[in-house]
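Descriptive analysis of the structure
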Amino acid sequence: MSTTYAVEGIDGTPATQQSRPPLNVVFEWLTTVDHKKIGLMYITYALIFLVIGGVQAVLMRIQLAVSNNHFVSPQVFNRLFTMHGTTMIFFVAMPIVFGWGNYLVPLMIGARDMAFPRLNAFSFWISAFAGLLLYFSYVGASGLYAAGSAPDVGWFAYAPLTARVFSPGHSTDYWTLAVFLSGIGSIGTCLNFATTIISMRCKGMKMSKMPLLVWLYLVMSGLVFVTISPLTAAQIMLTMDRYLGSHFFDTQAGGSAVLWMHFFWIFGHPEVYVLILPSFAIINEVVPVFSRKAIFGYPTMVAASVGIGFISTSVWAHHMFSVGMGAAANTFFVFATMVISVPTGMKIFNWLATIWGGKVIFATPMLFCIGFLFQFLIAGLTGIMLGSAPFDWQLTNSYFVVAHFHYVIVGGILFAVFAAFYYWYPKVTGRMLSETLGKWHFWLFVIGFHLTFDFMHIPGILGMPRRIYTYEASRGWDGLNMIVGIGTVFQAVGILVFVYNMVHSYFKGKEAGPDPWDAWTLEWSTSSPPPDYNFAVLPAVKSRRPLWDLKHPEDPDSDYE
Amino acid sequence: MSPFPRRRRPAYGSVGLCSGRALPLAVSCVLFSGNAAFAQSGTSIFAPAATPARSIFDLSMLVLGVTLAIFLIVGGLLLYALIRYRSRPEHSDREPAQIYGSNQIELSWTVIPILIVVTLFLSTTRVILGTQAIPKPDTAMNVTVIGHQFWWEYRYPSLGVVTANELHIPTSDPAHPTPTYLTMSSADTDHSFWVPRLAGKTDVIPNQINTMWIDPEQPGLYLGQCAQYCGAQHAKMLLRVYAQSPGEFSAWIEQQRQPAVQDFAGNPVAAEGQAVFMHNACINCHAIVGTVATGRFGPDLTHLASRDTIASGAFQNTPRNLRQWIDNPNSMKPGSLMPAMHLNDHDLDVITAYLTQLR
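Residues numbered from 1 in each chain as written. Chains lettered and ligands numbered in written order. Predicted model: local features only at pLDDT ≥ 70, side-chain atom pairs only at ≥ 80, totals over all residues. Heavy atoms only, no water.

Once that is clear, we can look at the overall build of chain A. Looking only at helices and strands, one finds 16 helices and zero strands in chain A. Long-range pairs, those at least 24 residues apart, make up 81% of the contacts in chain A between residues at least 6 apart in sequence. Element-wise, carbon and sulfur atoms account for 71% of the exposed surface of chain A, whose accessible area totals about 18200 Å². Positive and negative side-chain charges in chain A, numbering 29 and 27 respectively, have mean positions lying 2 Å apart. (Helix = DSSP H or I, 4+ residues; strand = E, 2+ residues; numbered from the N terminus. Contact = heavy atoms within 4.5 Å. Areas by Shrake-Rupley, 256 points an atom, 1.4 Å probe, with all protein chains shown as cover. Lys, Arg positive; Asp, Glu negative; His and termini not counted. Charge placed at Lys NZ, Arg CZ, Asp CG, Glu CD.)

Okay, here's the thing in structure tokens:
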């Protein structure tokens, strides 16, 4: 395949690299407003927190591996699961999808940067500060039990446990402020995505010609506006309860514990879609390239994404089937929850149809996509079980539900993000990640994932609630929890291989060239890494796959769309 | 119509999906050939022993059957496509035919899921209504459940009994149902009442009244635990439900209605223990009917010695455990709200001797 495109409108010249003093480089990164650098900082930041959250998970699994274990105290365990959940959602999953979006969206729509570069930098740094603030609680907060303690109210921080009478000290305030600030960062970033996508597309790229990744980031941004706002409002209300004498959630003064649940879950459930839509976005780009076919049913995929966006704002109370909402409300939320499986199912079928009749190449990015497809299918089906309210009365708050949402977040989102790393790392660094190490990473992680999360469903069915620091031997949960714990070891080793691969390949990897995967979207028309401001000459496109048109002038997509 | 029908399993045949128990049974065989493991656990949701848990079990078999079928079909097609359409070295460099979509096919895989969804929704609604929206029979017994950090208070308002941590209820004969209705609230944070073999969870929330009902047919001990994170000792806020035959239950009630034992003639140690108890801060939090101890912050101790366990089911009620608990509750249940009273060994011995007499 050719390495540069001598076609008008497409610039393939490599970026010039000058050597500079290290301090200048640091200064440049700290002050940058470049979407690619900000994207990479988001990703790096998320990876650091991924390791921290992963260590917390391993500590919890050691504690639970056998019954009546004394590896950590109950107080430490309660902090571990609070910090693990908060970290993984707000400081790993969100920044990592924002990071890839920041890096890719302008490149894919043929723009030179995001619409508001300085807002972009602000959003990143406020989110970064929020993460540091949360962890500062370990030294700075006088908590429930002693000086220097992290929040221990759970990642959804149900009232009234967060009231000052039950959570004295400041650990809960660190949690509240961290979530509040990270929300501001998220809204800023999504404002940027939406504006950029709506107003900065290159010539010829109508909405109907955008790559699906861009569509999904647009829908995700809309969801963030709708859902982060109630969460932010709830944090302010909670702080008012704690310090200004209001009684929104203060049950001892007539407040409502259930009100907090509504505020939290009207954020919390769409949040799942805020994270899974960008994962769909990645799958939408990778699966076609490695099946060598155009995505099947582009308009359906767009419609399904928008549909998921709308429906996902009316399913939140399926997290609350056991709080006593009554039969009518339960029935409504059962219906809304089950309906969302229709557009989600359409997506899975369309990916299947994209693979059907193609020439599937089992490179590492595709392997992670295949893992995603099977695991997300299972996660969706256990979701239907949980959506059936009576079944949920048994399963909610048990280890079954923990297994279910880890199937979504690890088996779905994290696998898609790994696919993104293997797919776009060559674009970002100019070098390929090692395929051998990539396959080691994939298989170790798949084995570990299934040992941990397949077996985690069963203790839930056998009556094991989540968030317990220990359990009796007589309950029969011992062997299962041991297997779950062993799985985390495989996952941890897989992550180590991945990190080693990224570092090693940065220096020693094979040269990638501008378009190593023979792909079709605009980011592959630039050099690897792309130059500052991406495009010397802004591209013009005629179809959804501009590089296909270039490579196949005899049979361009634009004839069929 | 009686809300507690004699035919205990709701018939899904009327929803037009499967007749009677054929599908649930088939699914249980396929899914859980190791079903014994599920039946053996005392807290398995797949070993139902009361109507609410059983109707959930039947629904769950339907849902599991449908989802398993979807998984096998979609997963099988995916696997087939990946193998059948893998890239082979002998292939030419030509790209495969580009297919952009098909309205007919996409419409079909929109309509079929909608039909499945409607079916599952209707079956689900049936169980919701059958559990949450049926009238309470006159023969029902009422118990008030109050969640505390980290124990359970049970009150039998019409019978004048207050107890803690071990809920006694009568069994219910399907022919003459005597279900137990639980009216629930919390004294502090959120809790959740979950005894998997009897029913699904119902959250126990401060400043809100929730209700649920259970009707075990067989006498026995049904286990569970708090299922909503409530603080440091959420893990050891265990639930024990003793279902007793109507005769045994009446006897238990009769015994619990007696005031506490006061006469310790021939047992001077217990008598001294009573005096020590009544002169310490114990009485601020604990009630012993017939004495000056009227505190309500901790469990009622009037018939403490009649219980099998202490510390909300976490430990057997032996004199040794009881003594260690009184000495330092946090050594057994870190985060427990009962403070260590710093009693000397003699006082610990006599208080233990006193409490073990409270049958």
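Grouped together as the largest cluster of nonpolar side chains are 226 residues, with contacts concentrated most on Trp100, Tyr217, Trp260, Phe372 and Trp424 of chain A. Looking at this core, the element that brings in the most residues is helix H13 (residues 399-429) of chain A, giving 22 residues. Among the domains, domain 1 (23-88 + 99-132) and domain 2 (141-251) of chain B are the pair contributing at least three residues each to this core. Tyr156, Met184, Leu198 and Cys226 of chain B belong to the second-largest nonpolar core, a separate cluster that totals 32 residues. (Core = buried A, V, L, I, M, F, W, Y, C linked by side-chain atoms within 4.5 Å. Buried < 20%, exposed > 50% of the residue type's maximum accessible area, 1.4 Å probe, protein only. Domains from an automatic or database assignment.)

Here we take up the side chain of Asn120 of chain A. Residue and element names in this part refer to chain A. Relative to the assigned elements, Asn120 resides in helix H4 (residues 117-140). Taking relative accessible area as the criterion, Asn120 reaches 0% and is therefore assigned buried. Excluding residues within four positions of it along the chain, Asn120 makes contact with His35, Ile38, Asn102, Met114 and Asn192.

Cis rather than trans, the peptide bond between Ala159 of chain A and Pro160 of chain A has omega equal to -5 degrees. Inspection of the secondary structure puts Pro160 of chain A in the loop between H4 and helix H5 (171-199). Here Ser528 of chain A and Pro529 of chain A are connected by a cis peptide whose omega angle stands at -5 degrees. Mapped onto the secondary structure, Pro529 of chain A falls in the loop between helix H15 (478-508) and helix H16 (546-551). The backbone of His342 of chain B sits at a positive phi, close to 55 degrees, despite the residue not being glycine. Topologically, His342 of chain B is positioned in the loop between helix H9 (329-332) and helix H10 (345-355).

Next up on the list: the confidence of the model for chain B. Interpretation of this model should avoid reading the predicted coordinates in detail wherever pLDDT is low. Residue and element names in this part refer to chain B. Looking at chain B, the pLDDT average stands at 89 and 89% of residues meet or exceed 70. Note on residues 1-27: pLDDT is under 50 here. Beyond four places in sequence and across chains, it has 50 contacts. Confidence estimates for the predicted assembly give a pTM of 0.92 and an ipTM of 0.91. (pLDDT = per-residue confidence, 0-100.)

With 96% of its residues at a pLDDT of 70 or more, chain A shows a mean pLDDT of 93. The low-confidence segment residues 1-9 of chain A (pLDDT under 50) makes 15 contacts with residues lying over four places distant or belonging to another chain.

It is worth spelling out the packing of helix H3 (residues 74-108) of chain A against H4 of chain A at this point. Residues and elements named next belong to chain A. With their axes 12 Å apart at the nearest point, H3 and H4 run at an angle of 165 degrees to one another. By the angle between their axes, H3 is roughly antiparallel relative to H4. Handedness of the H3/H4 crossing: left-handed. Residue-level contacts link Met83, Thr86, Thr87, Phe91 and Asn102 of H3 to Asn120, Ser127, Ala130, Gly131, Leu134, Tyr135, Ser137 and Tyr138 of H4. Considering only residue class, the contact of H3 with H4 consists of six nonpolar, seven polar and no charged. (Axes fitted to C-alpha atoms, helices over the stretch in contact; angles between N-to-C directions. Parallel < 35°, antiparallel > 145°, perpendicular 65-115°, else oblique. Left-handed = near helix turned anticlockwise from the far one by under 90°. Nonpolar A, V, L, I, M, F, W, Y, C, P; charged D, E, K, R; others polar.)

All right, on to helix H6 (residues 212-243) of chain A then. Note on helix geometry: an α-helix contains 3.6 residues per turn, so any two residues three or four positions apart are oriented the same way. Residues and elements named next belong to chain A. Compared with an ideal rise of 1.5 Å per residue, which puts 32 residues at 46 Å, H6 spans 46 Å between its outermost C-alpha atoms and is within 8% of the ideal. Largest kink in H6: about 25 degrees, centred on Val224. Within H6, 23 of the 32 residues are buried, which leaves it mostly tucked inside the rest of the structure. In the segment just after H6, Gly245 is the residue with positive phi, at about 80 degrees. (Expected span 1.5 Å × (residues − 1). Bend = angle between axes of the 7 residues up to and from the residue.)

Another aspect to go through is the domain arrangement of chain B. Residues and elements named next belong to chain B. Along its sequence, chain B is organised into domain 1 (23-88 + 99-132), domain 2 (141-251) and domain 3 (268-355). Every contact between the two is made by 18 residues of domain 2 and, on the other side, 19 residues of domain 3. Together, the buried faces of domain 2 and domain 3 total about 1500 Å²; carbon and sulfur atoms form 50% of this surface. In this assembly, domain 2 and domain 3 are joined by zero salt bridges. (Buried area = accessible area lost by both parts, 1.4 Å probe. Salt bridge = Lys/Arg side-chain N within 4 Å of Asp/Glu carboxyl O.)

A word on the environment of Leu167 of chain B. Residue and element names in this part refer to chain B. Tracing the sequence through the fold places Leu167 in strand E4 (residues 166-170). Under the relative-accessibility criterion, Leu167 is labelled buried at 0%. Between the C-alpha atom of Leu167 and that of Leu239, which follows or precedes it by 72 residues, the distance is 8.0 Å. Residues in contact with Leu167, not counting those within four places in the same chain, are Val143, Tyr154, Tyr156, Leu182, Phe193, Arg240, Val241 and Tyr242.

The next subject is the interface of chain A and chain B. With 98 residues of chain A at the interface, the matching set in chain B holds 90 residues. Buried surface at the junction of chain A and chain B, summed over both partners, amounts to about 7800 Å²; 68% is from carbon and sulfur atoms. Across the chain A-chain B interface, the total number found is one salt bridge. Among the elements of the structure, H3, helix H7 (257-291), helix H8 (298-311), helix H9 (327-339), helix H10 (341-355), helix H11 (364-387), helix H12 (389-395) and helix H14 (435-461) of chain A are those that each provide at least two residues to the side of chain A that touches chain B. In terms of residues, the side of chain A that touches chain B owes the most to one element, H10 of chain A, which gives nine residues.

In this structure the tally under the stated criterion is 17 salt bridges over all chains. Across the pair Glu435 of chain A and Lys439 of chain A runs a salt bridge whose closest N-O atoms are separated by 3.2 Å. Taken together, the residues Glu435 of chain A and Lys439 of chain A, both in helix H14 and four residues apart, mark about one turn of the helix. With a relative accessible area of 31%, Lys439 of chain A lands in the partly exposed category. Between Asp518 of chain A and Lys551 of chain A there is a salt bridge, with the nearest N and O atoms lying 2.7 Å from each other. Taken as a pair, Asp518 of chain A in the loop between H15 and H16 and Lys551 of chain A in helix H16 lie far apart in primary sequence, 33 residues in all. Owing to a relative accessible area of 23%, Asp518 of chain A belongs among the partly exposed residues under this scheme. Within this structure, Arg292, Asp515, Asp518 and Lys551 of chain A together with Glu95 of chain B form a network of salt bridges that share partners.

Moving on, we come to the packing of H11 of chain A against H13 of chain A. The packing of two helices is summarised by the inter-axis angle and the distance between the axes. Residue and element names in this part refer to chain A. Following both chains from N to C, one finds H11 and H13 inclined at 160 degrees, their axes separated by 8 Å at the closest point. By the criterion of interaxial angle, the relationship of H11 to H13 is roughly antiparallel. At the point where H11 passes H13, the crossing takes the left-handed sense.

Evaluated as defined, the whole model comprises 73 aromatic pairs over all chains. Residues Phe415 of chain A and Phe449 of chain A carry aromatic rings whose centres are separated by 5.7 Å and whose planes lie at 70 degrees to one another, so their mutual orientation is edge-to-face. With Phe415 of chain A in helix H13 and Phe449 of chain A in helix H14, this pair connects stretches of sequence that are 34 residues apart. One exposure class covers both Phe415 of chain A and Phe449 of chain A, and it is buried. We note Lys201 of chain B situated over the ring of Trp194 of chain B; from NZ or CZ to the ring centre the distance is 3.7 Å. (Phe/Tyr/Trp six-rings, centres within 6.5 Å; stacked < 30°, edge-to-face > 60°. Lys NZ or Arg CZ within 6 Å of the ring centre and 35° of its normal.)

This next bit is on the sheet that holds strand E10 (residues 238-244) of chain B. All names here are of chain B. Spatially, three strands are ordered E4-E10-E9 in an open sheet, and the strand pairing comes out mixed. Two strands close off the open sheet at either side, each with one partner strand: E4 and strand E9 (220-225). Across the sheet, the axes of successive neighbouring strands diverge by a mean angle of 25 degrees, strand direction being ignored. With five bridges joining them, E4 and E10 adopt parallel strand pairing. Note that in E10 the partner of Ile169 across the bridge is Ala243. (Pairing = 2+ DSSP bridges.)

Bringing the sheet that holds strand E5 (residues 180-186) of chain B into the picture now. Paired through backbone hydrogen bonds, the strands of a sheet run either parallel or antiparallel to each other. All names here are of chain B. An order of E3-E2-E1-E5-E8 is seen for the five strands of this open sheet, with the pairing classed as mixed. Of all strands in the sheet, those with a lone pairing partner are strand E3 (161-164) and strand E8 (210-214), marking the two edges. Neighbour-to-neighbour, the strand axes of this sheet turn through a mean angle of 25 degrees, independent of strand direction. Examined bridge by bridge, strand E2 (residues 151-156) and E3 share four bridges and lie antiparallel to one another. Each bridged residue has a counterpart across the sheet, and for Glu153 the counterpart in E3 is Ala164. Sheet contacts for helix H5 (residues 246-257): strand E1 (141-148), E2 and E3; angle to E3, the most-contacted strand, approximately 95 degrees.

This part takes up empty space enclosed by the protein. All names here are of chain A. In total, this model carries seven cavities of 30 Å³ or more according to the counting rule given. Looking at which element gives the most residues to the lining of the largest cavity, the answer is H7, with four residues. Classifying every residue of the lining of the largest cavity gives 11 nonpolar, two polar and six charged. (1 Å grid on protein atoms, 1.4 Å probe; cavity = no way out; pocket = protein on both sides within 12 Å on 5 of 7 lines; lining within 4 Å. Points joined across faces, edges and corners; volume = space filled by probe spheres on them.)

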